[in-house]
Every structure is written in structure tokens, then in C-alpha cells.
Amino acid sequence: MRPRLTRSPFTLKLAYNADDVLADTDLPVSPQLYEHYGKALRRSVDVTFTQDNGSGLSDRLRANASWFAAHKSAYVMQALRDVQLDPTIPDDQKPDALRAMLRLFDRWTDAEVNTATARARTAKQFEEFMQPDNARLFPNLRWIASRSADPRASHKKFYDRVWAKNDPFWKTNAPGTEWNCKCDIEETDDPVTDNSGVPNHIPPRGLEGNPAETGQLFTENASYVRGTKGNKAVAEAIETCFYPDKQPNLSIGVLADRTELHQNIETGRILAANGNKVVIRQHVLDGRKNPEYEINGEVADAKRIEGEKGVTDGFKKALAQRCTVVVIDLNAHFRDRHPQLSQLAKYIDRRRADLNNGVVCIIVYGKKTATITSDNATRESILRELEKIKS
């Protein structure tokens, strides 16, 4: 099912040159189209989550928007090639037909941006509504009628009905499960209505689920994803797609590990804010766990140790992954106590042979970092460097 075409809530300016795109239709993924679609869809998240609350939901939605944009770019390129090969279109009409195809997909982008904005808003609302204090004061949710001048029938059956916040209904039904949906929800302590006779809603493919739970604006059932699935050239091209984080000098692969995405981004932001150029890479390579980072052009991985002794195991695992930068991230397990710097220095000093062989160790704690190289690989120098991470 194609999205209904409406005006976007903000002007979507073209960020690509149509002549350049049409000159390279052999590319599985157009870098210009990917950047254009990705920027528009990530903005849907950014205008909703003006401030991140630390849960990682906005990071997951941005990643999903970028992943969807990569598949859309591949789908569009495939459609352009189909036009070029279509024997029913005269050759002298193909340039106009190709441009018309691009304009059509741009119009669909407007609808996708509208829908992404609605789903991002729904995700943020649900996350806030499920906070313990809110859930205690207002245990239920009411479905608010669409603001559209011409609302569809699909959600009308939910208008003004009330369900408990923990009702399974909300796992599969929420504003944003239709293209250009303008429905809303509100918290209430009004009693639950009798919803026993309300028929289930089947959303269009690609808009399944509650984005607050799935972290997805668009799912694997979206037409762009299904339409490019199994294409090896597309899969390899998407592996090379990255998107910029809001923190300068940090870029993230669209296939970065979703299970540790927020944690990896938080660490990446600290590293980037302290003068490093950071890339979060795809998670799996050739069937093995891939180092998550590239830092200043070097392969790196973060080891979130539970105690100072964990430095040893962290180094061993990182070196087994052929890393030349070992990130020791203390933020995950040193929340209730400060690290003992003398102990950290002792265990890092025991890796002096690795440091002298060119391995770099970066310690992350709070918003600060300390960097140990062969230039300061003595116990005293390491301890002095570690003083930088004191709170």
C-alpha cells in the first residue's frame, strides 16, 4: 500500500542534483538520494526529540530512519533502471519519464516524513506516559480523533475509547499506524470503555507495531525493504551507508548493532567530544563479531569492564579482534563507586608490551577520556594521565 500524498509539515528541499543521480543509475544505492532521504527522515525524529532523555529511543529511531532511507535509495535506483529498460517508452521520452519518477518518489518522501513525525511523536508520548508517576496518576489512555479534514475510516472505531496503558492493544495499535495519520492519544484516569466489540486494525505493511516498543519508524515489511531484499549488490552497498550523529566527528553505520546501539553511541559521543574522529561500524563481518568502532582511522572496540582487573581481559579480547585501539569504558559498571586510579594504572601498565607495539588505550569515564600510548607507558605516566578522568 502506497502512502497517501499530502504536504509535509516542513519544506523538504531537494538535497540532490537530478542530473547527477540519473548519470549513475548503475549504482545499487545513490549516495545523493540516501543523504537526501536520510536527512529528511532523521529530522522527523529531531523535531520531536529536541532533547534526548537518556533512554536511547531517539537513537534507535534515527538509526531506523537511516536504514529505511538506504533501502529507499536502492529501490528508487532499481525503478529508474526499469524505466531505462522499458521497451514501451520511446527513447526520446525516457529523460522526462526518469525525472517524473524521481518527482513521484519525492512526493512519497513527503508522506513518509509526515508519518515518521507522527510515529516519533507517538513513541515519545508512550515513553513519557509509561513513567511510574504518570502511570500511577493516569493509568489509562484515550484515543483522540484525527485532526484531518478528511479522516479515514480505519481508526474511527478507536475514537474516544479508553484502554489501560498496559493493555496489549497498544502493542499493535497507536497513532501512526496509517500513512499521514493525524490521530492522537491522551492520558486519563477515566474508566476503561467496553472495547470487546472493537475490530482489530491491520496496518499497512511497514507501519506495524508501536514504535515506543520496537524502536522502528518503519519495519522490515516496508515495500522498499521487501523490494530490495536478496539483492547482493544492494546489501553490500548498504553496508557502506553511514549517517552523521548530532555530535560532530561521529558517524554511524546503518547496520550498527541494534542491541548495544545507544551504549555505543553514548561512548562514541564522549570519544568524539574529546577530539577523536569516531565511526560506529556494522556489527557482524564474515560471520564473526566485528569491532564496533573505528577511531582516528584505527580499528577499535569498547570493553565495559566491571572492575579494575577487567583491563586485562578487555585488552585480550580487543587484540583477538585485531584492534589497535582498546577503549576501556567505565561508565557502565562504575556508577556506584569511583574507579581506583592506582589499580587501573597497575593493570594498564601490565599491558606495556602491547602499548610499545603501537596499541592505544583510551579510558572513558563520565564525559572525560584519558589516552595511554607508548609515549606515556610507565606506571607514573599512566597514573598522571588517568588524573584527567577524575570527576
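Look above for the structure.
On a predicted model such as this, the values are computed, not experimentally measured, just so you know.

A.B. asks: I tried to follow the overall build of the chain on my own but got confused; where do I start?
C.D. replies: Across its full length, the chain carries 14 helices and 13 strands. Projected onto the principal axes, the alpha-carbon positions of the chain cover approximately 70 × 65 × 35 Å. The burial tally for the chain puts 51% of its 391 residues in the buried class. Across the chain, the fraction of contacts at a sequence separation of at least 24, relative to all contacts at a separation of at least 6, is 70%. Total accessible area on the chain is roughly 18900 Å²; 49% of this is exposed by carbon and sulfur atoms.

A.B. asks: Is there a simple way to explain unusual backbone geometry in this structure?
C.D. replies: Working note: non-glycine residues mostly have negative phi, and peptide bonds are mostly trans. Here D160, not a glycine, exhibits a phi torsion of approximately 65°, which is positive. Within the secondary structure layout, D160 lies in the loop between β1 (140-144) and β2 (162-164). Judged by relative accessible area, which is 53%, D160 ranks as exposed.

A.B. asks: Looking at this structure, I do not really get helix α14 (residues 379-386). What am I missing?
C.D. replies: One turn of an α-helix holds 3.6 residues; hence residues three or four places apart share an orientation. Listed as buried for α14 are S381, I382, E385 and L386. The buried side chains of α14 occupy one side of the element, clustering within an arc of 140° when seen end-on. Facing away from the buried side of α14 by more than 90 degrees, the exposed set consists of E380 and R384. Looking at the buried residues of α14, the elements they touch are α12 (341-349), β12 (360-365) and β13 (368-372).

A.B. asks: Explanation requested: helix α10 (residues 261-273) in the structure shown.
C.D. replies: With 13 residues, α10 should reach 18 Å at 1.5 Å per residue; the first-to-last C-alpha distance of 18 Å fits that figure. For α10, the complete set of buried residues consists of L261, N264, I265, T267, G268, R269, I270, L271 and A272. Within two residues after α10, G275 carries a phi angle of roughly 95°, on the positive side.

A.B. asks: Looking at this model, I keep getting lost on the packing of helix α2 (residues 31-46) against helix α3 (residues 57-85). Mind explaining?
C.D. replies: Any two packed helices are characterised by the angle at which their axes cross and by the distance between the axes. For the pair α2 and α3, interaxial distance at closest approach is 8 Å and the crossing angle is 150°. The orientation of α2 with respect to α3, classified from their angle, is roughly antiparallel. For α2 against α3, the interelement crossing comes out right-handed. Facing L33, Y34, Y37, G38, L41, R42, V45 and D46 of α2, the residues of α3 in contact are S58, L61, R62, A65, S66, F68, A69, A70, K72, S73, V76 and M77. Residues that form the contact of α2 with α3 fall into these classes: 12 nonpolar, 4 polar and 4 charged.

A.B. asks: Would you mind going over the sheet that holds strand β10 (residues 298-303) with me for this structure?
C.D. replies: Adjacent strands of a sheet pair through backbone hydrogen bonds, lying either parallel or antiparallel. With respect to topology, 8 strands assemble into an open sheet ordered β4-β5-β6-β9-β10-β11-β12-β13, the strand pairing being mixed. Each edge of the open sheet is held by one strand with a lone partner, namely β4 (242-244) and β13. Between one strand axis and the next, the sheet turns through 25° on average, direction left out of account. Here 5 bridges tie strand β11 (residues 325-329) to β12, and the two strands are oriented parallel to one another. Bridge pairing in β12 links V326 to C361.

A.B. asks: In this structure, what is going on with the pattern of salt bridges? I would like to understand it.
C.D. replies: Two side chains carrying opposite charge are able to pair once their charged atoms lie near each other. Evaluation of the coordinates by the stated rule reveals 24 salt bridges. Residue K303 is joined to D301 by a salt bridge in which the shortest nitrogen-to-oxygen separation is 2.7 Å. Taken as a pair, K303 and D301 share a single burial class, namely buried. With its nearest N and O atoms 3.3 Å apart, the salt bridge here joins D329 to R304.

A.B. asks: Mind showing me how you'd approach the packing of α3 against helix α4 (residues 94-129) here?
C.D. replies: In the contact formed by α3 and α4, the axes pass within 11 Å of each other and the chain directions differ by 165°. Judged by the angle between their axes, α3 and α4 are roughly antiparallel. Two packed elements cross with a definite hand, and for α3 against α4 that hand is right-handed. Classifying every residue of the contact of α3 with α4 gives 17 nonpolar, 2 polar and 5 charged.

The rules behind the values
Residues numbered from 1 in each chain as written. Predicted model: local features only at pLDDT ≥ 70, side-chain atom pairs only at ≥ 80, totals over all residues. Heavy atoms only, no water. Helix = DSSP H or I, 4+ residues; strand = E, 2+ residues; numbered from the N terminus. Buried < 20%, exposed > 50% of the residue type's maximum accessible area, 1.4 Å probe, protein only. Contact = heavy atoms within 4.5 Å. Areas by Shrake-Rupley, 256 points an atom, 1.4 Å probe, with all protein chains shown as cover. Arc of directions from axis to C-beta. Expected span 1.5 Å × (residues − 1). Axes fitted to C-alpha atoms, helices over the stretch in contact; angles between N-to-C directions. Parallel < 35°, antiparallel > 145°, perpendicular 65-115°, else oblique. Left-handed = near helix turned anticlockwise from the far one by under 90°. Nonpolar A, V, L, I, M, F, W, Y, C, P; charged D, E, K, R; others polar. Pairing = 2+ DSSP bridges. Salt bridge = Lys/Arg side-chain N within 4 Å of Asp/Glu carboxyl O.

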